Amino acid sequence: MESLETLSDPALARQSLEAVVELAGEFKKKFGRVPVLMEVCGSHTMAFAKSGLKTRLKDHVRLIAGPGCPVCVTDQKSIDAMIQLAEGSNRILCTFGDMMRVPGSRVSLMNSKTDGKDIRVIYSPLDSVKIAEENPDKEVILLGIGFETTIPILTLAIREAERKELKNYSVWMTTKLVEPVMRALLDSGEVKLDGFILPGHVSVVLGKKSFDFLVEDYQISGVITGFEPVQLLSGIYKLLELLLENKFDVLNDYPSVVKDEGNLTAQKLLKQYLRLHDEDWRGMGSIPGSGLVLKEEYAQFDAKKRYEVSVGEPRKTKCRCGEIIRGLINPESCVLFNKGCTPAHPIGPCMVSTEGTCAAHYQYMRGE
Ligand code: SF4
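Residues numbered from 1 in each chain as written. Predicted model: local features only at pLDDT ≥ 70, side-chain atom pairs only at ≥ 80, totals over all residues. Heavy atoms only, no water.

**Things to note about the sheet that holds strand β8 (residues 221-224)**
Within a sheet, neighbouring strands are paired by backbone hydrogen bonds and run either parallel or antiparallel to one another. Strands sit in the order β2-β1-β7-β8-β9 across an open sheet of 5 strands; the sheet is parallel. The open sheet has two edge strands, β2 (62-65) and β9 (250-252), and neither has a second partner. Strand-to-strand twist across the sheet, computed as the mean angle between neighbouring axes with direction ignored, equals 20°. For strand β7 (residues 195-198) and β8, the ladder comprises 4 bridges, and the chain directions are parallel. Considered in β8, the bridge of Gly195 is made with Ser221. Against the sheet, helix α12 (residues 229-244) touches β1 (36-39), β2, β7, β8 and β9, its axis set at about 155° to β8. (Pairing = 2+ DSSP bridges. Helix = DSSP H or I, 4+ residues; strand = E, 2+ residues; numbered from the N terminus. Axes fitted to C-alpha atoms, helices over the stretch in contact; angles between N-to-C directions. Contact = heavy atoms within 4.5 Å.)

Given below as structure tokens:
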């Protein structure tokens, strides 16, 4: 496999791959089918595709991408609202780069920027605080999108704005939480899974314990893994071992950075500034308690309280991101994949985002 040559230890990767294939063979002999595993992290989706593992394993282990890309899971109405937000006068909108090219019902943030709106791509939420400080006569709004990995950094930005007593700064919170969406997927029964490859980055914040619900409430296993091919293969191997032994467990196969309790400082920040909120997800509707928004005492930093935005029902397209996020179809099942929809001319967020499943398939698995 060509891309395995880029590994720091390709020999170990090949050995690991052979071991996984052998164990998957035992699974097939025992259960008469290939195991089905889902990753719920966009970085894992990219890593599986980029390393060639998804292709190499396709006859042995079915790897499904779940709702792990923050841009992709943001529903269309929220995207339209953010674009409308940028159109108000005397505003500077700050966003991560991926959001710029996500198509709204009419235009994208990129189109709005071309039309003269002040939209700035930032690398850290703290950059947006600096922009607010440097532009006291403008209203600066940060688009706060992300999972538990990003949310603590959003609260740091709010803390900094609070410390600097900025009156012109707010965050449009559209955050998402992993556990509620995993529960929603499992409760729906739409997709039958044998186990989860659990998100390495989110687990750093939440800790291994936060995934115990998988065993306690659903009798399904998960393994927290890193992002190198050898680590991904190790995670799959451990899941297969559990499946063959008919055991349910949550394993931490990324102990160098993930602790049982997670990052307590980050968790404290979340508790201090935020409260649970019912969030809308692309393709999944509203999921109770699946997002975090600012508590009432921080309302001055809550852009949703400061600015009125009213958008209608989003324009319907043939984009099937909603089904891809739920693990129901592959990008190749979308009639627009590599036809009307490419990274140069994306129709949906899964083709725009650097963690999107359609982008991963387009870049690394096209024609396979
Ligand atoms: Fe949407 Fe494009 Fe993916 Fe189809 S290929 S699901 S249009 S992003």
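**Some details on the site of the ligand**
The environment of the ligand is made up of Cys319, Arg320, Cys321, Ile324, Cys334, Leu336, Phe337, Cys341, Ile347, Gly348, Met351 and Cys358. Classifying every residue of the shell around the ligand by side-chain character gives 10 nonpolar, 1 polar and 1 charged. (Near = heavy atom within 4 Å. Nonpolar A, V, L, I, M, F, W, Y, C, P; charged D, E, K, R; others polar.)

**Remarks on the sheet that holds strand β3 (residues 91-95)**
If you walk across this open sheet you meet the 4 strands as β4-β3-β5-β6, and the pairing is parallel. The open sheet is flanked by β4 (119-121) and β6 (169-175), the only strands paired with a single partner. Geometrically, the sheet is characterised by an average inter-axis angle of 25° between neighbouring strands, direction not taken into account. Taken together, the 7 bridges between strand β5 (residues 139-146) and β6 define a ladder with parallel strand orientation. The residue of β6 that forms the bridge with Gly144 is Met173. In this fold helix α7 (residues 125-134) packs onto β3, β4, β5 and β6, with an angle of close to 175° to the strand it touches most, β5.

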